[in-house]
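Commentary on secondary and tertiary structure
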Amino acid sequence: MTNTNNKAMIQTDNLSKHFGELAAVDGLTISIPAGEIFGLLGPNGAGKTTTIRLLTALIAPTNGTAHIAGFEVGKQDTDIRRNVGILTESPGLYDRLSAECNLGFFAELYEVEHVAEQVERYLRMLGLWDRRNEAVGTFSKGMRQKLAIARALLHEPSVLFLDEPTSGLDPEAALLVREFINELRQDGRAILICTHNLDEADRLADRIAIFNSRLLALDTPTALRRQLYGRSVVFHLSKAEPRFAQAVESKDFVQTAKIMDNKLVVTLEDPETHNPALVRSLVEIGAEIQFVGELRRSLEDVYLRMVRDE
Amino acid sequence: MNKIKVMIRKEWSEVFKNRFVFFVVAFMPLFFTAMPLIILYTSRDSGESTMGMGDVPPEFSAMCDTTSGAECFQSFIVSQFLLLFLMIPIIIPVTIASYSIVGEKTTRTLEPLLATPITTGELLAGKTLAATIPALAATWGSYLIFVIGTNVILSNPVVTGSLIEPLWLLAIFGVGPLLSIAGVSIAVMISSRVNDPRVAEQLSALVIMPLLLLFLGQTLGLIFVDQTVIIWIGLAMAIIDGVLLYFASQIFQRETILTRWK
Ligand SMILES: Nc1ncnc2c1ncn2[C@@H]1O[C@H](COP(=O)(O)OP(=O)(O)OP(=O)(O)O)[C@@H](O)[C@H]1O
Ligand SMILES: [Mg+2]
């Protein structure tokens with residue numbers, strides 16, 4: 001049973017966790033609605049795993065509050081555990097037991113009604129049905145990861161936490177897992193994914209939080225790129241002179257203009273509207289334009305800049 | 001309640017797949033039952049002719065006023081094995097608990113386990129029962145075989161009778177379970193700090209030392225284990241168990257397990 005008075009499935013307010021002197025999570029305030037995939041992006045030791053542990057009621061916050069599916073962390077922990085699925089940092093499976101036994105055991109602890117059916121459903125869904133009777137100790141890393149994802153879903157949780165779901169997987173297995181996660185969105189779950197795979201966050205997440213103990217930025221992937229850099233247009237010139245940059249920079253719709261090698265890089269809000277005027281004025285003052293293109297920033301640029309600037 | 005059962009079933013299907021654990025649980029009771037029976041069997045004939053009341057400590061012979069010297073001597077011999085039987089309910093649960101808890105640590109299954117709606121109480125109860133039930137079954141089974149075996153070998157109702165006196169019943173059915181609980185609690189505490197199940201098992205098995213000392217003292221004739229001693233041991237164990245269980249349950253909290261267990 002999910003408490004739906006509150007629309008946000010994950011809601012934290014000034015959530016903090018200290019280990020002695022160290023603030024692993026410091027004043028985190030986020031709100032994640034149902035149906036959203038939320039990427040928590042940060043370097044090693046940023047506090048991503050600690051955040052997941054806080055939100056799954058495994059460890060208690062030092063400060064602040066969190067509500068998961070409407071239940072308060074620290075007060076309604078058992079309700080939270082019933083409504084939450086977690087893929088832990090390491091898959092954590094019983095090596096001596098078969099895939100089926102592993103899932104069966106957890107399904108019973110999660111009070112799943114039709115254990116056998118549910119176990120079969122997810123084993124089939126993740127392509128492990130044929131190997132259900134084999135000891136998990138013999139499984140490859142990718143198979144274990146898939147089994148651990150299946151375990152997180154057995155009780156059909158409304159909130160899902162995935163701690164680095166594709167770490168250590170080969171590109172094909174990673175793609176498969178990503179596609180699978182994408183499908184999970186359709187059931188109206190709130191999904192929080194921790195990752196340092198920027199590409200993954202970019203592809204999967206509706207919103208991304210860049211996080212290093214504190215929240216550094218939070219927005220959609222596209223907006224994050226824009227927020228930091230605006231949009232950049234690159235003019236390839238046969239000969240780049242500083243005066244071109246000065247002329248362009250004097251226009252009020254231009255944010256910055258820089259000469260780099262034989263290129264003039266101009267950042268501006270709305271290139272579709274202003275590019276023709278830019279081209280015209282550059283030609284007027286004698287610039288010979290070879291190509292015009294848009295400079296696409298990767299999320300990696302954004303991320304690295306944020307984490308380094310800190 | 002149901003989650004405890006689920007937990008126990010999983011523990012058994014997992015831990016007994018470990019050959020060492022299986023060996024300890026299956027062979028140690030066999031060994032501790034067979035050894036006294038062999039000693040009884042080989043000393044059966046020599047006992048009656050060469051030994052009599054003179055070899056029995058005065059505390060014991062005081063109790064055999066109505067029996068013959070040989071019967072008294074044989075009753076004395078079997079009584080010596082009592083403490084041996086009390087090692088079974090310590091060694092087995094210590095082995096199972098060490099392997100199961102350190103095992104959960106090395107497979108990193110504790111975190112997903114703690115993320116389920118199981119309470120830490122149910123988890124600890126499941127682990128404790130999974131370790132003590134086989135131990136008590138083995139202890140009681142071995143005791144039963146020992147009683148029957150003694151009866152077959154000596155076919156002496158007096159000696160057999162001495163095995164089902166309150167002394168033995170108290171020890172096997174009262175002190176045995178208390179020792180098991182102490183063993184598991186200590187194994188939980190040690191397993192939380194150690195990452196090798198063999199080390200955890202060996203360290204935890206040191207709880208057997210007081211019992212070994214008692215056994216040694218008894219063999220050397222320094223101590224005479226009678227009903228009063230067993231009752232005192234039982235009372236002491238009940239108190240020790242309370243303290244140990246308290247500490248074990250303190251260590252067995254979600255946050256402690258995830259952040260302080262190394
Ligand atoms: N039990 C603990 N005791 C003390 N410090 C801890 C504990 N758990 C985590 N930390 C510290 O908290 C910080 C955050 O750790 P956490 O595991 O949450 O990082 P993470 O973002 O998940 O890193 P990674 O990407 O490497 O998985 C680290 O500095 C870590 O050393
Ligand atoms: Mg982590």
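Residues numbered from 1 in each chain as written. Chains lettered and ligands numbered in written order. Predicted model: local features only at pLDDT ≥ 70, side-chain atom pairs only at ≥ 80, totals over all residues. Heavy atoms only, no water.

Observations concerning the site of ligand 1
Quick note on the threshold: One heavy atom within 4 Å of a molecule or strand makes the whole residue count as near it. What qualifies as a polar contact is a pair of N or O atoms within 3.5 Å, subject to a donor-acceptor requirement within protein and to the restriction that residues adjacent in sequence count only when both atoms come from side chains. Note that accessible areas follow from Shrake-Rupley with a 1.4 Å probe, and for residues the cover is restricted to the protein chains shown. Working definition: helices are DSSP H or I runs of at least four residues, strands are E runs of at least two. Numbering for both runs from the N terminus. All amino acids are sorted into three groups, where Ala, Val, Leu, Ile, Met, Phe, Trp, Tyr, Cys and Pro are nonpolar, Asp, Glu, Lys and Arg are charged, and the leftover types, Gly among them, are polar.
Around ligand 1 sit 15 residues, and of these Gly45(A), Lys48(A), Thr49(A), Thr50(A) and Glu89(A) come closest. Neighbouring residues of ligand 1 are distributed over chains A and B. The separation between an oxygen atom of ligand 1 and a polar main-chain atom of Ala46(A) is 3.1 Å. In this structure, Thr50(A) approaches ligand 1 through a side-chain N or O atom, which is 2.5 Å from an oxygen atom. Protein chains shield 68% of the accessible area of ligand 1, which is 630 Å² for the free molecule. Contributions of two or more residues to the shell around ligand 1 are made by strand 2 (22-28) and helix 1 (48-55) of chain A. Here the element with the most residues in the shell around ligand 1 is helix 1 of chain A; it accounts for 3 residues. Here the residues of the shell around ligand 1 are counted per class, giving 5 nonpolar, 7 polar and 3 charged.

Concerning the confidence of the model for chain B
Residue and element names in this part refer to chain B. Going by this rule: Confidence per residue, as judged by the predictor, is encoded in pLDDT with a range of 0 to 100.
Per-residue confidence for chain B gives a mean pLDDT of 88; residues scoring 70 or more make up 92%. Put simply, helix 3 (residues 58-61) is where chain B has its lowest mean pLDDT, 70, and helix 7 (residues 110-114) is where it has its highest, 96. Model confidence for the complex: the whole-complex pTM is 0.86, and ipTM, which rates the interface, is 0.88.

Things to note about the packing of helix 8 (residues 120-154) of chain B against helix 10 (residues 166-191) of chain B
The relative placement of two packed helices is expressed as an angle between their axes plus a distance between the axes. Residues and elements named next belong to chain B. Applied cut-off: Axis definition: a line fitted to C-alpha atoms, limited for helices to the stretch in contact. Angles are taken between N-to-C directions and run from 0 to 180 degrees. Crossings are sorted by hand: turned counterclockwise from the far helix by less than a right angle, the near helix makes the crossing left-handed, and turned clockwise it makes it right-handed. Contact between two residues is taken to exist if any of their heavy atoms lie within 4.5 Å; hydrogens are not considered.
Helix 10 packs onto helix 8 with a crossing angle of 145° between their chain directions and a minimal axis gap of 9 Å. Along this stretch, helix 8 crosses helix 10, giving a crossing that reads as right-handed. From helix 8, Leu-124, Thr-128, Ala-131, Thr-132, Ala-135, Leu-136, Thr-139, Trp-140, Tyr-143 and Phe-146 reach across to helix 10, where they touch Trp-168, Leu-169, Ile-172, Phe-173, Gly-176, Pro-177, Ser-180, Ile-181, Val-184 and Val-188. Each residue belonging to the contact of helix 8 with helix 10 can be placed in one class, and the counts come to 15 nonpolar, 5 polar and no charged.

Regarding the coordination of the magnesium ion (ligand 2)
Residues and elements named next belong to chain A. Stated precisely, the cut-off is as follows: Excluding water, the donors of a metal are its N, O and S neighbours within 2.8 Å, or within 3.2 Å for Na, K and Ca, and that exclusion means sites may look incomplete. Burial status follows relative accessibility: with a 1.4 Å probe on protein chains alone, a residue under 20% of its type maximum counts as buried, one over 50% as exposed, and anything between as partly exposed.
Protein coordination at the magnesium ion (ligand 2) comes from Thr-49 (OG1) and Glu-89 (OE), with a distance range of 1.9 to 2.3 Å. Remark: Glu-89 occurs in the loop between strand 7 (84-87) and helix 3 (99-109) and Thr-49 occurs in helix 1; sequence separation between them is 40 residues. Thr-49 sits in the buried class, given a relative accessible area of 17%.

A look at the domain arrangement of chain A
Residues and elements named next belong to chain A. Worth spelling out the cut-off: Domain borders in the structure are assigned automatically or taken from a domain database. Defined in terms of a 1.4 Å probe, buried area is the accessible area two parts forfeit on being brought together, summed over both.
Its domain assignment divides chain A into domain 1 (8-219) and domain 2 (229-309). Listed by partner, the interface residues are 10 residues for domain 1 and 6 residues for domain 2. Together domain 1 and domain 2 conceal approximately 730 Å² of surface at their shared face, both sides included; 85% is due to carbon and sulfur atoms. When the buried surface of domain 1 facing domain 2 is broken down by residue, Leu-198, Ile-210 and Leu-216 rank first, second and third, together holding 58% of it. The interface formed by domain 1 and domain 2 contains 0 residue pairs in polar contact (both at pLDDT 80 or more). Mapped by element, the contributors of at least two residues to the side of domain 1 that touches domain 2 are helix 7 (198-204), strand 10 (207-212) and strand 11 (214-219).

What about the side chain of Thr56(A)?
All names here are of chain A. In this structure, Thr-56 sits in the loop between helix 1 and strand 5 (63-68). You can call Thr-56 buried: its relative accessible area is 2%. Polar contacts involving the side chain of Thr-56 include one to the main-chain carbonyl oxygen of Arg-53, which spans 3.4 Å. Residues in contact with Thr-56, not counting those within four places in the same chain, are Ile-80, Arg-81, Val-84, Ile-86 and Phe-161.

Things to note about the interface of chain A and chain B
Quoted interface sizes are often the accessible area lost when the parts come together. What counts here: For this document, the term salt bridge refers to a Lys or Arg side-chain nitrogen within 4 Å of an Asp or Glu carboxyl oxygen.
Between chain A and chain B, the residue contacts involve 27 residues of the former and 25 residues of the latter. Both faces combined, the contact of chain A with chain B buries some 2,500 Å², and carbon together with sulfur accounts for 64% of it. It is Tyr94(A), Arg96(A) and Leu109(A) in chain A that bury the most area against chain B; as a group they hold 26% of the surface buried on that side. Across the contact surface, chain A and chain B share 4 salt bridges. Close ionic contact of Arg9(B) with Glu108(A) constitutes a salt bridge, the shortest N to O distance being 3.6 Å. Along the contact surface separating chain A from chain B lie 5 residue pairs in polar contact (both at pLDDT 80 or more). Taken together, the elements giving at least two residues each to the side of chain A that touches chain B come down to strand 1 (8-19), helix 2 (77-83) and helix 3 of chain A. Among the elements that take part in the side of chain A that touches chain B, helix 3 of chain A stands out by supplying 4 residues, more than any other. When the residues that make up the side of chain A that touches chain B are grouped by side-chain class, the tally is 14 nonpolar, 4 polar and 9 charged.

Focus: the sheet that holds strand 11 of chain A
All names here are of chain A. To keep things clear, this is the line we draw: Strand pairing is assigned whenever DSSP identifies at least 2 bridges connecting the two strands.
The 6 strands are arranged 7-8-9-4-10-11 in an open sheet whose pairing can be described as mixed. This sheet does not close on itself; its edge strands, each paired only once, are strand 7 and strand 11. Strand-to-strand twist of the sheet, defined as the mean angle between neighbouring strand axes without regard to direction, takes the value 15°. In this sheet, strand 9 (residues 190-195) lies alongside strand 4 (residues 37-41) in parallel orientation, the contact comprising 5 bridges. Residue pairing across strands places Ile-37 opposite Ile-191, the latter belonging to strand 9. Along the sheet, helix 5 (residues 141-153) contacts strand 7 and strand 8 (159-163); its crossing angle with strand 7, the most-contacted strand, is approximately 170°.

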